Amino acid sequence: MTDLAMTFAQAEKGSWHIWQLAGRLDRATAAQVQAEGETLLQQTDRLAIDLSELAYISSAGIRVLLLLAKQAEDASQPFCLCSPQGIVREVLEISRMDMFLSICPSVDALEEGA
Amino acid sequence: MEKIKAWIRQIKAARQKSIRNQVLVLVLACGLLIFLSVSALSLYALESTRTALENHGRSVSRLVSDSVGESAEENAKDWLRQFAEAQASYIDRELEINGEDVTILAQTMTRILTHPEYYRPRQLPSSDNPEDIVSGISYIHYSPALKRQEMPAPIAQEIGLAGNIVDALEPLSLTYKNYRTSLLAASKHGYMICVDIIPGAVGKKSIFPSAAKKADFLANYDPRERPWYKLAQREDALSFTEVYLGEDGYLEVSCAMPYYDADGFAGVVSIGGSVEDIHKQVMDVAAGIKGICFALDDKGNIAFSSEQEGILAAVPEYLDIRQSGEKTLAEAAGHMVAGESDVMRVTVEGKEYYLAYAPMNKLHWSFGMLIGTDVVMAPAQQASGDVQAKMEGFEEDVQQIFLATAGKEALLLIPLLLLAFYSSGVMAARVTKPIRQLAAGVKEITAGNLNKKLDMNESNEIGHLAICFNAMTDELQRHMKELEQATAKAERAKTELEVAASIQAGMLPEAIKAERYKGQVDLTAMMHPAKVVGGDFYDFYFMDEDNLVVTIADVSDKGVPASLFMVIAKTLLKDQALMKKSAARLADIVAAANDALAASNRELMFVTTFIGVLHLPTGRFTYVNAGHNAPIRGRGQDWEYLPMAKDPILGVRSGLAFTTQQLTLTRGTAVLLYTDGVTEAMDEQHEQFGEARLRQTLADMEPGFDAAGMLNSVQAAVKGHAGAAEQSDDITMLGFVYHGPAEDKGGRQDD
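Since the model is a prediction, treat every value here as computed from it, not as a measurement.

Visitor: I would appreciate a short explanation of the sheet that holds strand β11 (residues 351-360) of chain B in the present structure.
Guide: Within a sheet, adjacent strands bond to each other through the backbone by hydrogen bonds, running parallel or antiparallel. Residue and element names in this part refer to chain B. A sheet is described by the order of its strands in space; here 5 strands give the open sequence β9-β8-β12-β11-β10, paired in antiparallel fashion. The sheet is open, and its two borders are formed by β9 (302-305) and β10 (342-348), each paired with just one other strand. Looking at each pair of strands side by side, their axes are set apart by 30 degrees on average, direction ignored. Of the pairings in the sheet, the one linking strand β8 (residues 292-296) to β9 comprises 3 bridges and is antiparallel in character. If you follow phenylalanine 294 over to β9, its bridge partner there is serine 305. Across the sheet, helix α9 (residues 327-337) is in contact with β8, β10, β11 and β12 (365-372); its angle to β10 comes to roughly 150 degrees. Against the sheet, helix α10 (residues 373-446) contacts β10, β11 and β12, and its axis sits at roughly 50 degrees relative to β12.

Visitor: Teacher, can you tell me more about the UniProt feature "coiled-coil region" (unreviewed entry) in chain B here?
Guide: In this numbering, the UniProt entry assigns the feature "coiled-coil region" (unreviewed entry) to residues 469-503 of chain B. Along residues 469-503 of chain B, the helical share is 100% and the strand share 0%, with 48 Å between the first and last C-alpha atoms.

Visitor: Would you mind going over the confidence of the model for chain B with me for this structure?
Guide: Detailed reading of the predicted model is not advised wherever pLDDT is low. For chain B, mean pLDDT is 83; residues scoring 70 or higher make up 95% of the total. Scored below 50 in pLDDT, residues 747-751 of chain B shows 9 contacts in the model against residues more than four places distant or in partner chains.

Visitor: Got a minute to help me understand the pattern of salt bridges in this structure?
Guide: A side chain of one charge can pair with a side chain of the opposite charge if their charged atoms are brought near each other. All names here are of chain B. Summed over all chains, the structure comprises 20 salt bridges over all chains. The salt bridge partner of arginine 345 is glutamate 352, with a shortest N-O separation of 2.6 Å. On the basis of relative accessible area, glutamate 352 is assigned to the partly exposed category, the value being 35%. Across the salt bridge formed by glutamate 687 and arginine 693, the nearest N and O atoms sit 3.1 Å from each other. By relative accessible area, which is 42% here, glutamate 687 ends up partly exposed. By relative accessible area, arginine 693 is classed as partly exposed at 32%.

Visitor: Got a minute to help me understand the packing of aromatic side chains in this structure?
Guide: Two measures describe an aromatic ring pair: the distance that separates the ring centres and the angle between the ring planes. Under the definition given, this model contains 12 aromatic pairs over all chains. Centroid distance Tyr118(B) to Tyr119(B): 6.5 Å. Interplanar angle 75 degrees. Geometry classified as edge-to-face. Taking relative accessible area as the criterion, Tyr118(B) reaches 58% and is therefore assigned exposed. Residue classification places Tyr119(B) among the partly exposed residues on the basis of a relative accessible area of 24%. A network of ring pairs unites the aromatic residues Phe610(B), Phe621(B), Tyr623(B) and Phe736(B) as a single cluster. When the ring centre of Tyr56(A) is taken as origin, the NZ or CZ atom of Arg24(A), which lies over that ring, is 4.3 Å away.

Visitor: What am I meant to see in the packing of helix α12 (residues 560-580) of chain B against helix α13 (residues 586-599) of chain B here?
Guide: Geometry of a packed helix pair, given as the angle between the helix axes and the separation of the axes. Residue and element names in this part refer to chain B. The geometry of α12 relative to α13 is characterised by a closest axis approach of 9 Å and an angle of 140 degrees between their N-to-C directions. Every pair of crossing elements has a handedness; the one defined by α12 and α13 is right-handed. Packed against α12, whose contacting residues are Phe565, Ile568, Ala569, Leu572, Leu573, Gln576, Ala577 and Lys580, the element α13 presents Asp588, Ile589, Val590, Ala592, Ala593, Ala596 and Leu597 at the interface. Each residue belonging to the contact of α12 with α13 can be placed in one class, and the counts come to 12 nonpolar, 1 polar and 2 charged.

Visitor: Even after reading the chapter, I still don't get the pairing of strand β17 (residues 620-626) of chain B, so can you show me in this structure?
Guide: If a strand is regular, its side chains alternate between the two faces of the sheet. All names here are of chain B. Among the 7 residues that make up β17, 6 are buried, leaving the element largely enclosed by the rest of the structure. Note: strand β16 (residues 607-615) against β17, 7 bridges, orientation antiparallel. Counterpart to glycine 612 in the pairing with β17 is tyrosine 623. For β17 and strand β20 (residues 661-664), the ladder comprises 4 bridges, and the chain directions are antiparallel. By the bridge assignment, tyrosine 623 is partnered in β20 with glutamine 661.

Visitor: Even after reading the chapter, I still don't get the nonpolar core, so can you show me in this structure?
Guide: The nonpolar side chains of a soluble globular protein tend to be buried with one another. Grouped together as the largest cluster of nonpolar side chains are 86 residues, with contacts concentrated most on Leu66(A), Phe79(A) and Phe736(B). In contact with Leu66(A), other than residues within four places in its own chain, are Met97(A), Phe100(A), Leu101(A), Leu604(B), Phe606(B), Ile649(B) and Val652(B). Membership of the second largest hydrophobic core comes to 33 residues, among which are Ala106(B), Met109(B), Leu172(B) and Met257(B).

Visitor: I keep staring at the interface of chain A and chain B and nothing clicks. Help me out?
Guide: Accessible area lost during the coming together of the parts is what is often quoted as the interface size. Contact residues are listed per partner, giving 17 residues for chain A and 23 residues for chain B. When chain A packs against chain B, the two sides together hide about 1,800 Å² of surface, and 62% of this comes from carbon and sulfur. Ranking the residues of chain A by area buried against chain B places Arg63(A), Ile94(A) and Phe100(A) at the top, with a combined share of 35%. Applying the counting rule to chain A against chain B returns 2 salt bridges.

Visitor: It is not clear to me how the pairing of strand β2 (residues 16-25) of chain A should be interpreted in this structure. Could you clarify?
Guide: Residues and elements named next belong to chain A. Of all 10 residues that make up β2, 7 are buried, and the element is covered over most of its length. Here strand β1 (residues 6-13) runs beside β2; their pairing, made up of 8 bridges, is antiparallel. If you follow lysine 13 over to β2, its bridge partner there is tryptophan 16. Between β1 and β2, which pair antiparallel in sequence order, lie 2 residues; one of them, glycine 14, sits at a positive phi of approximately 65 degrees. Judged from the 5 bridges that link them, β2 and strand β3 (residues 46-50) form a sheet pairing that is parallel. Within β3, the position partnered with tryptophan 16 by the bridge is arginine 46. Handedness of the β2-helix α1 (residues 27-43)-β3 crossover: right-handed. Relative to strand β4 (residues 54-57), β2 runs parallel, the two sharing 3 bridges. Bridged to arginine 24 within β4 is tyrosine 56.

Criteria and thresholds
- The numbers attached to residues start from 1 for each chain and follow its sequence in the written order.
- Chains carry letters from A onward and ligands carry numbers from 1 onward, assigned in written order.
- At least 70 in pLDDT is required for a residue's local features to be given in this predicted model, at least 80 for side-chain atom pairs to be given and counted, and no such filter applies to totals for whole chains, interfaces and linings, which use all residues.
- In computing side-chain properties, one takes all heavy atoms of the structure into account and sets aside hydrogens as well as water.
- Each pair of strands is called paired provided DSSP finds at least two bridges between the two strands.
- Helix numbering and strand numbering both begin at the N terminus, where a helix is a DSSP run of H or I of at least 4 residues and a strand a DSSP run of E of at least 2.
- A fitted line through C-alpha atoms represents every axis, and for helices the fit uses only the stretch in contact; the resulting angles, taken between N-to-C directions, go from 0 to 180 degrees.
- Whether two residues are in contact is decided by their heavy atoms: any pair within 4.5 Å suffices.
- UniProt positions are given in the numbering used here, feature names are shortened, and annotations may be inferred rather than shown by experiment.
- Note: pLDDT gives the predictor's confidence per residue, expressed from 0 to 100.
- Salt bridge, as applied in this entry: a Lys or Arg side-chain nitrogen positioned within 4 Å of an Asp or Glu carboxyl oxygen.
- Note on classification: 1.4 Å probe, protein chains only; a residue is buried when its accessible area is under 20% of the maximum for its type, exposed when over 50%, partly exposed between these limits.
- Here a pair means two rings of Phe, Tyr or Trp (six-membered ring of Trp) with centres within 6.5 Å. Their orientation is stacked below 30 degrees between planes, edge-to-face above 60, and tilted elsewhere.
- Each ring is checked for a lysine NZ or an arginine CZ that lies within 6 Å of its centre and within 35 degrees of its normal; such an atom marks a charge sitting over the ring.
- Should the near helix be turned anticlockwise from the far one by less than a right angle, the crossing is termed left-handed; should it be turned clockwise, right-handed.
- Polar here means any residue other than Ala, Val, Leu, Ile, Met, Phe, Trp, Tyr, Cys and Pro, which are nonpolar, and Asp, Glu, Lys and Arg, which are charged; Gly is therefore polar.
- What makes a nonpolar core is a set of buried Ala, Val, Leu, Ile, Met, Phe, Trp, Tyr and Cys residues whose side-chain atoms join them at distances within 4.5 Å.
- Buried surface area refers to the total accessible area, computed with a probe of radius 1.4 Å, that the two partners give up upon joining, counted for both partners together.
- Assignment of crossover handedness uses the view with strands pointing away from the viewer, where a clockwise path from the first strand over the helix to the second indicates a right-handed crossover.

Printed below as a string of structure tokens:
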């Protein structure tokens, strides 16, 4: 089911697989993002989610990110959120998401190695 | 009677619109159309045939009459000509015979006179005998001149000798017994040996028609004066006279020839015939042919004719027909006199005739026959008339057939119409019966009887439709059942939700009545869930006499899962708070609650929380903000947000540490705790209400507001901003106004 509120883009950078989310991550798109993300976690070694094009995130979206992070942690897989912008960044800051998962300022800052 | 009623009912029913009636009308119309067109066609064919027959009949009869007329004319003309020629030659021949006989007589007479030695004198009765000479008896007549004088001896001798002619005369006369004839030899001396024939009276009747005539004859008759004598004498050959009036009062024609003795011309032999006989002959012929016959002499005068009156009648006076006023007749007469033989059309006294003429050579006469063209054409007319009559009869028959057929057709129309009406009614009913069955069945189903199965044995589209309908009904039944179950389930769920909502509502404390803590704090709180049950909560309770705990929290997501989590979170926080019972230990309280929440949280639900403790006597406000929106405080028009949250959201990870913060409220300061349902309330353009607008709303409040008023203002502003947009998140607010302790212990400035 295509959802106009959210579009995806895939990219590679080094050993990291970059998954770009663009649009709104809320109740409507959460399920789709969760399913896609779980698949990508299984398919890749290192998954980074590029939030530079994400305009909005709701608590349901946060929950999805937390779930993906937990799955990655259980699988000892590197997982990172990259370059949140605007209110998305604010929300992540207020909820102190940095305490639960890695947040990188940009894709370029992704570290290679373990 | 019943049938008529049924008909009337049917007609009434036909007014209704239905497929049955449509089919009925259609079939009826088709049938009528076919019948009418066939009828029209046959009538047209009949009419055309009749007209053709009429025309043909006319032309045939015309053709027949024309050709018959033509051939009739031709035949008639041929026949006329031949007949005229026959008659002319017959008459001619008759006269020729006369001529031959006369020649024999003359020769005999000549021989007698030139060879007296062969003959003995003969004695003949005299015409002046007292007893009349009768027909067929030879006699001698002395002319008056001879009688007056003394009979010279040689003449007497000659008379005696001449008497031998009777041996030729009498046998010859026998061949004339049918005609009024005089056979004679007339001497130049004035005596005449004669035998008269009166037809039918040979030996009986006197030759004298009357005594007067006899007297006259005896007294006056001198043969030498007679025209035939003079003619033969003059011509010195066989001659035919013109028609002259005979002694017996009849018109005569004579054939005369001179005879000779030793000295030369001795006399004239003559056979004279009454023209009456020829006339009778002519009359017979005329009667036979139903026409007019006449003989024209060489002067153009009609010698004798079958007509008693008119132009073609024989008149005593000499009348040359060639000068006649009737031009065609005059012309024909000319040809006749010229001795021609032909057939011509003439008009006499307005009537048209065919005139056939042929010459009679001996007399130089012409024989003419007139037959009316109508008579000639009569057979043709007859034939034409017959043909016409036959054709007309035929036409009449055709007309009869035509009318009879048309009549029969019209008559046939009525029963046919009835039949058509009846049969189309039957057919319509039959065709529409399954449709009506179907309609009835469907009606029953729609009335609610979903168990009704359409039982149709048709194998056509109707049957198929019935099968589909049954399948649909089954599906419908199943769906209805499922719907009932789902509805029941939803009802139950709704009921349960409503119960949950009321439980939830019951869990959230009501506002603190202002009177209860008059002078210290005035507090109001509200929670409007976006769904039936919400994920936000607020809480307030007294830790102890002086410390009021206020809490506001936002569980991730909305709905039943969030509300369950909300209940747990709320309970845990309150438990911990009431257990530890110290504002200083607020961080521990929150940490303990967080640990408990994170312990069994597989779904990774979380909650943002702001929890604060207000020390009523001093106005000191100790708080922990775990990822929640910073509350706003202010007085009058002076409002500002508390610093941003520093602590993480609860329930995600255990073993986290939290930080407490503090500030002191002055008297009259109001504080508003809210969830993001307030600041993120969107209008139809997706524009959020926002922190700035919230602050402005609060700053715009009239002085002297209480907590309830504050909440109402904000709520109104949010509603006004959202407009028609749906409430997308729970809207929760807790507001209080700190008035300070009952005894005024003096307020301090904020930290």
